[in-house]
Amino acid sequence: MFSNNYFMKPFHRLSTLVLCLALLVGVLANSQPLIAAQAMVPVPPPDLIVTNATFDLRCNATITIKNRWSPNIVNNFYFSISPIAVTGSPPPQTVLVGPIPGLAGFASVNRVRPNTLVLNATSITVTVDPQNLVFESSEQNNVSIFPVPSRCRLLTPVPPVPPRIPE
């Protein structure tokens with residue numbers, strides 16, 4: 001297409017250089033909206049979820065809480081478990097556990113609640129951040145229900161109802 005003499009002429013060298021610069025500027029100009037659009041994608045706020053609850057042989061409950069998104073949670077938060085048997089209090093009770101001092105993005109944390117005995121129930125409800133101390137992307141997924149092994153269940157006797165004698 002081009003002979004060796006083509007680039008020897010100053011005008012041709014200059015026009016080729018200008019053409020290359022114009023192409024480079026065009027490529028860079030067309031890629032900026034893509035880069036700007038990627039930079040404008042908002043990062044979702046953190047999102048706390050309860051992923052697991054297990055019981056050991058002594059009924060110590062280990063609760064696993066996860067931050068599903070990348071922003072770190074820097075303030076303290078709590079979780080609650082119910083129904084729990086608490087000595088000296090009328091059943092059933094909701095117990096608040098914590099504080100958990102923040103949580104990194106995509107990280108999980110385990111917290112143990114010792115001697116977690118459940119009264120008249122086969123499962124526990126665990127709610128992370130029940131006080132809404134953490135701004136989250138979803139508050140709808142903060143509650144989870146987990147089964148309780150029979151060794152950790154307490155049953156309160158139900159007083160018998162006297163038979164009713166027809167009159």
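Structure: see above.
*Asks:* Mind showing me how you'd approach the overall build of the protein chain here?
*Replies:* Scanning the protein chain from N- to C-terminus turns up 1 helix and 9 strands. Secondary structure of the protein chain in N-to-C order comes out as α-β-β-β-β-β-β-β-β-β. Counting all 167 residues of the protein chain, 28% fall into the buried class. A separation of at least 24 residues holds for 66% of the contacts in the protein chain among residues at least 6 apart in sequence. Summed over all atoms, the accessible surface of the protein chain reaches about 11,400 Å², with 64% contributed by carbon and sulfur.

*Asks:* Would you take a moment to explain the side chain of Glu136 for this structure?
*Replies:* Relative to the helices and strands, Glu136 is located in the loop between strand E7 (123-128) and strand E8 (143-147). Nearest to the buried, unbridged Glu136 among oppositely charged side chains is Arg68, at 7.8 Å. A distance of 2.7 Å separates a polar side-chain atom of Glu136 from the backbone nitrogen of Leu48.

*Asks:* Whenever I open this one, the pattern of salt bridges confuses me. Can you help?
*Replies:* Side chains carrying opposite charge are able to pair once their charged atoms draw close together. According to the stated counting rule, one finds 1 salt bridge in the structure shown. The closest approach of N and O atoms between Arg68 and Asp47, which form a salt bridge, is 2.8 Å. Here Arg68, found in the loop between strand E2 (61-67) and strand E3 (73-84), pairs with Asp47, found in the loop between helix H1 (10-39) and strand E1 (48-55); they are 21 residues apart in sequence, far enough to count as distant. Residue classification places Asp47 among the buried residues on the basis of a relative accessible area of 0%.

*Asks:* Please clarify how the side chain of Asn60 should be interpreted in this entry.
*Replies:* In this fold, Asn60 is placed in the loop between E1 and E2. A polar contact of 2.9 Å, which involves the side chain of Asn60, links it to the backbone nitrogen of Asn115. With near-sequence residues (within four places) excluded, Asn60 lies in contact with Thr54, Phe55, Val112, Arg113, Pro114 and Asn115.

*Asks:* Help me understand the state of the cysteines, please; the structure alone is not making it clear to me.
*Replies:* The term disulfide refers to a covalent linkage connecting the sulfur atoms of a pair of cysteines. Counted under the stated rule, the structure contains 1 disulfide. Each sulfur in the disulfide pair Cys59 and Cys152 lies 2.1 Å from the other. Between Cys59 and Cys152 the disulfide shows an S-S torsion of about -100 degrees. By sign, it is left-handed. Here the residue Cys59 occupies a position in the loop between E1 and E2, and Cys152 occupies one in the loop between E8 and strand E9 (153-154), the gap between them amounting to 93 residues.

Parameters and conventions
- All chains use their own residue numbering, which begins from 1 and follows the written sequence.
- Totals for whole chains, interfaces and linings use every residue, but because this is a predicted model, local features are given only for residues with pLDDT of at least 70 and side-chain atom pairs only at 80 or more, for both listing and counting.
- As a rule here, side-chain values cover all heavy atoms of the structure and leave hydrogens and water aside.
- By definition, any uninterrupted DSSP run of H or I lasting at least four residues is a helix, any uninterrupted run of E lasting at least two residues is a strand, and each is numbered from the N terminus.
- Working definition: with a 1.4 Å probe on protein chains only, accessible area under 20% of the residue-type maximum means buried, over 50% means exposed, and in between means partly exposed.
- Throughout, a residue-residue contact means that at least one pair of heavy atoms, one from each residue, lies within 4.5 Å.
- Using a 1.4 Å probe, accessible areas were evaluated by the Shrake-Rupley method; residue-level cover was limited to the displayed protein chains.
- Charge counting treats Lys and Arg as positive and Asp and Glu as negative, with His and both chain ends excluded.
- Just to be clear on terms, a salt bridge is a Lys or Arg side-chain nitrogen sitting within 4 Å of an Asp or Glu carboxyl oxygen.
- Pairing of N or O atoms within 3.5 Å defines a polar contact, subject to two protein rules: one partner must be a possible hydrogen donor and the other a possible acceptor, and residues neighboring in sequence count only if both atoms are side-chain atoms.
- The criterion for a disulfide is a pair of cysteine sulfur atoms lying within 2.5 Å.

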